Number of protein chains: 2
Amino acid sequence: MKFCSQCGKDVALTIPEGDDRERHVCLHCSTIHYQNPRIITGTLPILEDRVLLCKRAIEPRHGFWTLPAGFMENGETTEQGAVRETWEEARAKIKVDALYTLFNLPQINQVYFFYRGTLTDINFGPGPESLEVELFYEHEIPWQELAFPVITETLQHYFADRKENNFPFRTKDLIRPLNKPLIS
Amino acid sequence: MKFCSQCGKDVALTIPEGDDRERHVCLHCSTIHYQNPRIITGTLPILEDRVLLCKRAIEPRHGFWTLPAGFMENGETTEQGAVRETWEEARAKIKVDALYTLFNLPQINQVYFFYRGTLTDINFGPGPESLEVELFYEHEIPWQELAFPVITETLQHYFADRKENNFPFRTKDLIRPLNKPLIS
Ligand SMILES: [Zn+2]
Ligand SMILES: [Zn+2]
């Protein structure tokens, strides 16, 4: 951020009075521009013994497999956002069962929500951000070609929990060693 | 948002190509300025049979009672943010047990997290955003003077769950009728 979104003049990084960290503050109108983490919300879509995955048509991780998920929008709930992303990325309709996994990724200022749900329609296919959309049995999951650790963790929990037919909500912080790239 | 934070020129509300909703888009450098929901994170601090509440020194709901909570910051987890806010608003130290309640408030673009935890120190007191900080037994809770519905819901769940000594995670969408004020 270089300019004030309210008045168009210069901003500077400074600690506002009564605050304890640097913010972008307008030198002209004094507006404080806060920056906050963003929520990514998605689903774990199930059809009988199979899980739906999307092959990414966009960076980062172009060509890798992911669960349908994306940035939560203003005016929606995390669950509504997850259902919307499932439609946008996989043209799939889903009945949500429950919030299943929640991850904090503080190094990239993101919080991930995944809702477990059941496909209500066998019709699906790639939206503009996907190359392919496919259903996978457990033994078919492309573990080495999954896009993000949050996808791997959610799938691992699911296949373990399915053996017990019990799907407890789980939350985890994924703190990445500083020398590792953000996305692998 | 009236001006581009990247180049300082005018922005306009328009639907970018490939998108399906209006965004603030720079007429000069074409940057799309997304606006997303924010996370408020806090705690339900317990000391034996009592719950800690803070009387708000700031608007909205000045003078009403709340659980310590505030906007999640970049670079922290939701749990770290909750512990930080507990210190900032109540000068209280807490050992977190688990994520307890999660609320979506889509009309004001907010998602609330409350962590259940135990005070580790009997010392506490008002931070700059609190007028008073007090411990309350269940029969002392000022139900009519609680600041926000998410506070009332979290406390109601807690006192009900305490009878069973079982504190399941709960998530709820608080959709407000359009003719009601946002904060009462
Ligand atoms: Zn300004
Ligand atoms: Zn611009």
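Residues numbered from 1 in each chain as written. Chains lettered and ligands numbered in written order. Predicted model: local features only at pLDDT ≥ 70, side-chain atom pairs only at ≥ 80, totals over all residues. Heavy atoms only, no water.

Caption draft 1: Up close: the coordination of the zinc ion (ligand 1). All names here are of chain A. Around the zinc ion (ligand 1), the protein supplies Cys4 (SG), Cys7 (SG), Cys26 (SG) and Cys29 (SG) as donor atoms, at distances of 2.2 to 2.3 Å. Classification of the site at the zinc ion (ligand 1) rests on its four donor atoms, whose angles at the metal span 98 to 119°, yielding the label tetrahedral. Between consecutive donors of the zinc ion (ligand 1), the numbers of intervening residues give the motif C-x2-C-x18-C-x2-C. Note on Cys26: relative accessible area 3%, which makes it buried. (Donors = N, O, S within 2.8 Å, 3.2 Å for Na, K, Ca; no water. Tetrahedral: all angles 85-135°; square planar, octahedral: opposite > 155°, others 65-115°. Buried < 20%, exposed > 50% of the residue type's maximum accessible area, 1.4 Å probe, protein only.)

Caption draft 2: Examining the domain arrangement of chain A more closely. Here chain A is described as being made up of domain 1 (1–35) and domain 2 (38–173). Inter-centroid distance (C-alpha atoms) of domain 1 of chain A to domain 2 of chain A is 36 Å. (Domains from an automatic or database assignment.)

Caption draft 3: Spotlight on the coordination of the zinc ion (ligand 2). Looking at the metal site, the zinc ion (ligand 2) is ligated by Cys4 of chain B (SG), Cys7 of chain B (SG), Cys26 of chain B (SG) and Cys29 of chain B (SG), spaced 2.2 to 2.3 Å from it. Relative accessible area serves as the criterion here: at 0%, Cys4 of chain B is assigned to the buried category.

Caption draft 4: Just the pairing of strand 9 (residues 110–119) of chain A, in detail. Residue and element names in this part refer to chain A. The element strand 9 is extensively covered by neighbouring structure, given that nine of its 10 residues are classed as buried. The pairing of strand 4 (residues 38–47) with strand 9 spans nine bridges and is classified as parallel. For Gly42, the partnering residue across the bridge sits in strand 9 and is Phe114. The pairing of strand 8 (residues 94–105) with strand 9 spans 10 bridges and is antiparallel. Considered in strand 9, the bridge of Lys95 is made with Thr118. Taking the residues between adjacent antiparallel strands as the criterion, strand 8 and strand 9 are bridged by four residues, where Asn109 takes a positive phi near 55°. (Helix = DSSP H or I, 4+ residues; strand = E, 2+ residues; numbered from the N terminus. Pairing = 2+ DSSP bridges.)

Caption draft 5: Region of interest: the sheet that holds strand 1 (residues 11–14) of chain B. Residues and elements named next belong to chain B. Spatially, 1-2-3 is the arrangement adopted by the three strands of the open sheet, whose pairing is antiparallel. In this open sheet, the two edge strands, each paired with only one partner strand, are strand 1 and strand 3 (32–33). Pairing of strand 2 (residues 23–26) with strand 3 involves two bridges; the strand directions are antiparallel. Bridging from a neighbouring strand, Val25 pairs with Ile32 of strand 3.

Caption draft 6: The arrangement of the environment of Lys95 of chain A in detail. Residue and element names in this part refer to chain A. Along the chain, Lys95 turns up in strand 8. For the pair formed by Lys95 and Met1, sequence separation is 94 residues and the distance between their alpha carbons is 40 Å. Excluding residues that lie within four positions of it along the chain, Lys95 makes contacts with Gly117, Thr118 and Thr120. (Contact = heavy atoms within 4.5 Å.)

Caption draft 7: View of the packing of aromatic side chains. A full pass over the atoms with the stated rule returns 14 aromatic pairs over all chains. Ring centres of Trp143 of chain B and Phe159 of chain B lie 6.2 Å apart, and the angle between their planes is 75°; on these two criteria the pair is classed as edge-to-face. With Trp143 of chain B in the loop between strand 10 (130–136) and helix 2 (149–164) and Phe159 of chain B in helix 2, this pair connects stretches of sequence that are 16 residues apart. Taking relative accessible area as the criterion, Trp143 of chain B reaches 30% and is therefore assigned partly exposed. By relative accessible area, which is 3% here, Phe159 of chain B ends up buried. Three or more aromatic residues link up through ring pairs in this structure, and these residues are Tyr100, Trp143, Tyr158, Phe159 and Phe167 of chain A. One residue, Arg38 of chain B, lies across the ring of Phe71 of chain B, its end atom 3.9 Å from the ring centre. Against the face of Tyr100 of chain B rests Arg116 of chain B, its NZ or CZ located 5.8 Å from the ring centre. (Phe/Tyr/Trp six-rings, centres within 6.5 Å; stacked < 30°, edge-to-face > 60°. Lys NZ or Arg CZ within 6 Å of the ring centre and 35° of its normal.)

Caption draft 8: Looking closely at unusual backbone geometry. In this chain, Glu59 of chain A is followed by Pro60 of chain A through a cis amide linkage whose omega measures -5°. Position of Pro60 of chain A among the secondary structure elements: in the loop between strand 5 (50–56) and strand 6 (65–66). Unlike most non-glycine residues, Glu48 of chain A shows phi in positive territory, near 50°. Topologically, Glu48 of chain A is positioned in the loop between strand 4 and strand 5. With a phi close to 70°, Ser30 of chain B is a non-glycine residue in the positive phi region. On the secondary structure map, Ser30 of chain B appears in the loop between strand 2 and strand 3.

Caption draft 9: Here's a closer look at the relation of the copies chain A and chain B. With an RMSD of 0.0 Å, the operation that places chain A on chain B is a rotation of 180° combined with a shift of 0.0 Å along the axis. What the superposition gives is, in effect, a two-fold axis relating one chain to the other. Most of the interface of chain A is mirrored in chain B: 100% of its interface residues are interface residues there too. (Least-squares fit on C-alpha atoms with pLDDT ≥ 70 in both.)

Caption draft 10: Quick look at the pairing of strand 5 (residues 50–56) of chain B. Residue and element names in this part refer to chain B. Burial within strand 5 is extensive, with six of its seven residues counted as buried. Relative to strand 5, strand 4 (residues 38–47) runs antiparallel, the two being bridged by two bridges. Following the sheet pairing, Leu47 is matched in strand 5 by Arg50. Once strand 4 ends, the chain turns through two residues before running back antiparallel as strand 5, passing Glu48 with a positive phi of about 50°. By the bridge criterion, six bridges tie strand 5 to strand 10 in an arrangement that is antiparallel. Note that in strand 10 the partner of Val51 across the bridge is Phe136.

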